[in-house]
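So the chains spell out like this:
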Amino acid sequence: MSKEYDVVVIGSGPAGYVAAIRCAQLGLSTAIVEKWRNSNKETVHGGTCLNVGCIPSKALLDSSYKYFEAKEHSDVHGIKLQNVKIDVPAMIARKDKVVSQLTQGVKGLFTANKIDDIAGAGKVVSKNKVKVISHDGEEQELTAKHIIIAAGSVPINIPSAPIDQETIVDSTGALEFKEVPKRLGVIGAGIIGLELGSVWARLGSEVVVLEALEDFLPAVDKQIAKETLKILEKQGLEIKLGARVTDTKLSKGAKKTVTIDFSDTQGDQKAEFDKLIVAVGRRPFTDDLLEVSAGVELDERGFIKVNDQCETNVPGVHAVGDVVRGPMLAHKAMEEGIMVAERIADKKMQVNYDLIPSVIYTHPEIAWIGKNEEELKASGIDYNIGVFPFAASGRALAANDSDGLIKLLADTQTDRILGCHIIGASAADLLQQIVIAMEFSASAEDIGLTMFSHPSLSEGVHEAALAVNGHAIHISNRKRRK
Ligand code: FAD
Ligand code: NAD
């Protein structure tokens, strides 16, 4: 017999679990279908983000940074530490505990919100029917007035470096190393490559990152990307741009290594690594998700085709998060989940796709919002720039953490903020102030007229805003340009 709901959500990652909770809060009868299982064969919620993405990677970034700081920088503070050691299994176990706490939390929220939590693989059969196949192979059919597809994404594989999750791993395998690899190769200098490369570099690996493009971080403001490259190289990451991997070979024997053939400007080369991370992007996860007769269309890149309200071409069927166009980010996925829930309940809501913040959680962090200089130049918009280097921040110097800068771009005519680009400690949190300001269409002057606590890193945001109009106090305003 088919169970009937107002809404059935497929996938309980950030897009799906947030959509389901908001639907339930709005009084809609809601079920969520999830197929992810842990090694104990229990269904786990939270998708990529909680299980193998945002959270575990940040847990390891934080642990590895504490180790690196203790080992490399405690002397500066007058603290003498001897025999600082790493216990990799303990580090991984802590990461797993954080993950489990959060995934259990999502399960608790489903119970609290009276959401039916159904284990198994969901498939859209028609505009109001979802077939669920349990892990034991049992089938049931759910009827829904609305379907929300939130099936997420999976890593892209490349034929020249097949994943075995032992020696050649994807981002999931790179969160599970049992010891620090002596030599670590990374294919792809994108967000995952730089974050996970940093984790293992801090713990002692010699890291070589092979990036196919000649440009480093092409989506990032050029000045910030240049600064990032300089800082990461100083930290010991060897980043080879324009490097094309043509083949990989595993060694024989118990403890395997991998030899990579690649070519760059210096010609054909070989390199040997103990582990290799492949981080060349992710693809929408639509495998076995849509019955052809349901008629849900995909775009040319395999994403489920949606409009700005996340409606597919089939009325009543919505899709949100990584499985649809746009940046593959948890906060974008969550906002889309909320928007769809609200619109199903006849409320007005729209995601502002022009203001999606991005962060790379290296140290220092890199964070940006809005337009960068190159984009403004290309669109012919006149702008003023305010730059504040953290070397001039009392708080950053007190913390011995003064690498980087804040760059604010504002419209020459209106002074409205058009973009902000930060490399520095706590860049993600600093940027959020500008995200709010931009949502309110603030001008650089509005921020300049706001009082900031002293001493704080946020004062850098204030000074950058003042610098836009040549009024900075603690730095020279000479660099102001149009
Ligand atoms: P997912 O989280 O992928 O969830 C999809 C869910 O749907 C999964 O649980 C899956 O099992 C389930 N599912 C799929 N098909 C079916 C089916 N047929 N039936 C039932 N269930 C199904 N983003 C950030 O914003 N910040 C970060 O710091 C960050 N760090 C990351 C680090 C790493 C290593 C990785 C890999 C990603 C990171 N991301 C980060 C990206 C972020 O994880 C994704 O953008 C986010 O998880 C997308 O959410 P989603 O709900 O769309 O998809
Ligand atoms: P990415 O798109 O950020 O980077 C992939 C990189 O690999 C690119 O620079 C690309 O040019 C390069 N590349 C592609 N094919 C290659 C090849 N054959 N050889 C060498 N280089 C190659 O993708 P990612 O790092 O895998 O991350 C996937 C997604 O996950 C990101 O788009 C991001 O949205 C999300 N993510 C976000 C965060 C965060 O918000 N902090 C962290 C991790 C992941």
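Residues numbered from 1 in each chain as written. Chains lettered and ligands numbered in written order. Predicted model: local features only at pLDDT ≥ 70, side-chain atom pairs only at ≥ 80, totals over all residues. Heavy atoms only, no water.

A.B. asks: Would you mind showing me how to read the domain arrangement of the protein here?
C.D. replies: Reports often express the size of an interface as the amount of accessible area lost when the parts come together. The assigned domain composition of the protein is domain 1 (3–155 + 283–344), domain 2 (168–280) and domain 3 (364–481). Once you take the C-alpha centre of each, domain 1 and domain 2 turn out to be 27 Å apart. At the junction of the two partners, domain 1 supplies 18 residues and domain 2 supplies 16 residues. Roughly 1400 Å² of surface becomes buried between domain 1 and domain 2 when both sides are summed, with 70% attributable to carbon and sulfur atoms. (Domains from an automatic or database assignment. Contact = heavy atoms within 4.5 Å. Buried area = accessible area lost by both parts, 1.4 Å probe.)

A.B. asks: Would you mind going over the pattern of salt bridges with me for this structure?
C.D. replies: Side-chain pairing between opposite charges can occur once the charged atoms of the two side chains come close. All told, the structure shown has 24 salt bridges when counted by the stated rule. Between Asp6 and Lys145 there is a salt bridge, with the nearest N and O atoms lying 2.9 Å from each other. With a gap of 139 residues between them, Asp6 in strand S1 (residues 3–10) and Lys145 in strand S6 (residues 139–149) connect regions that are remote in the sequence. Asp6 sits in the buried class, given a relative accessible area of 16%. The exposure class of Lys145 is exposed, given its relative accessible area of 58%. The closest approach of N and O atoms between Lys240 and Glu238, which form a salt bridge, is 3.2 Å. Within the structure, one salt-bridge network assembled from shared partners comprises Asp221, Glu373, Lys377 and Lys407. (Salt bridge = Lys/Arg side-chain N within 4 Å of Asp/Glu carboxyl O. Helix = DSSP H or I, 4+ residues; strand = E, 2+ residues; numbered from the N terminus. Buried < 20%, exposed > 50% of the residue type's maximum accessible area, 1.4 Å probe, protein only.)

A.B. asks: What is the right way to read the side chain of Ser358 from this model?
C.D. replies: Mapped onto the fold, Ser358 is located in strand S18 (residues 358–360). Assessed through its relative accessible area of 14%, Ser358 is described here as buried. Excluding its chain neighbours within four sequence positions, the residues that come into contact with Ser358 are Leu329, Ile366, Ala367, Trp368 and Leu431.

A.B. asks: Hey, could you run me through the UniProt feature "binding site: FAD" (unreviewed entry) in the protein in this one?
C.D. replies: If you check UniProt for "binding site: FAD" (unreviewed entry), the listed places come out as Lys58, Gly122, Asp322, Met328, Leu329, Ala330 and His331 in our numbering. For this annotated set, covering 274 residues, the C-alpha atoms extend up to 29.9 Å from each other, a dispersed arrangement in space. Looking at where Lys58 falls in the secondary structure, it is placed in helix H3 (residues 54–73). Not counting residues up to four positions away in its chain, the partners in contact with Lys58 are Glu195 and Tyr361. Take Gly122: it is sitting in strand S4 (residues 121–126). (UniProt positions renumbered as here; feature names shortened; annotations may be inferred.)

A.B. asks: Just checking my understanding: could you explain the environment of Leu217 for this structure?
C.D. replies: Within the secondary structure, Leu217 sits in the loop between strand S10 (206–210) and helix H6 (222–234). In the structure, Leu217 is positioned 106 residues away from Thr111 in sequence and 42 Å away in space, judged by C-alpha atoms. Excluding anything up to four places from it in sequence, Leu217 contacts Ala189, Leu194, Ala225, Thr228 and Ile360.

A.B. asks: In this structure, what is going on with the sheet that holds strand S11 (residues 238–240)? I would like to understand it.
C.D. replies: Sheet strands line up and pair through hydrogen bonds in the backbone, either parallel or antiparallel. Ordered by their spatial adjacency, 5 strands build an open sheet running S8-S15-S9-S10-S11, and the pairing between neighbours is parallel. At either margin of the open sheet sits one strand with a lone partner, and together these are strand S8 (168–169) and S11. Direction of pairing for strand S9 (residues 183–187) relative to S10: parallel, over a ladder of 5 bridges. Along S10, the bridge assignment pairs Val186 with Val209. (Pairing = 2+ DSSP bridges.)

A.B. asks: Would you explain the nonpolar core in this entry?
C.D. replies: In summary, soluble globular proteins display a tendency toward joint burial of nonpolar side chains. By size, the foremost hydrophobic cluster in this structure holds 39 residues, and its most contacted members are Phe216, Ile239 and Ile277. For this core, the elements supplying multiple residues, two or more each, are H3, helix H4 (88–112), S9, helix H5 (191–202), S10, H6 and strand S19 (365–370). In this structure Phe216 touches Ala189, Leu194, Ala225, Thr228, Leu229, Leu232, Ile239 and Leu241, once residues within four positions along its chain are discounted. Ranked by size, the runner-up nonpolar core spans 35 residues in total, among them Ala427, Leu466, Val468 and Ala472. (Core = buried A, V, L, I, M, F, W, Y, C linked by side-chain atoms within 4.5 Å.)

A.B. asks: Explain the site of ligand 1 to me, please; I cannot follow it from the model alone.
C.D. replies: Taken together, 38 residues are adjacent to ligand 1, and Glu34, Thr48, Lys58, Gly122 and Ala330 come closest. Within the complex, 94% of the 990 Å² of free accessible area of ligand 1 lies under protein. At the level of elements, helix H1 (14–25), strand S2 (30–34), helix H2 (47–52), H3, S4 and helix H7 (330–344) are the ones that each hand at least two residues to the shell around ligand 1. Counting residues per element, the shell around ligand 1 draws most heavily on H2, at 4 residues. Taken together, the residues of the shell around ligand 1 break down into 19 nonpolar, 14 polar and 5 charged. (Near = heavy atom within 4 Å. Areas by Shrake-Rupley, 256 points an atom, 1.4 Å probe, with all protein chains shown as cover. Nonpolar A, V, L, I, M, F, W, Y, C, P; charged D, E, K, R; others polar.)

A.B. asks: It is not clear to me how the UniProt feature "binding site: NAD(+)" (unreviewed entry) in the protein should be interpreted in this structure. Could you clarify?
C.D. replies: UniProt records the feature "binding site: NAD(+)" (unreviewed entry) for Gly188, Ala189, Gly190, Ile191, Ile192, Gly193, Leu194, Glu195, Glu211 and Gly281 in the present numbering. Sequence-wise these annotated residues cover 94 residues; spatially they are packed, their C-alpha atoms never more than 14.3 Å apart. Tracing the sequence through the fold places Ile192 in helix H5. Residue Ile192 is classed as partly exposed on the basis of its relative accessible area, which comes to 29%. Every residue in contact with Ile192, bar those within four places of it in the chain, is listed here: Ser171, Gly197 and Ala279. Turning to its location among the elements, Gly281 is positioned in the loop between strand S15 (275–278) and strand S16 (282–284). With relative accessibility at 36%, the residue Gly281 sits in the partly exposed group. Aside from chain neighbours lying at most four places away, what touches Gly281 is Pro155 and Ile156.

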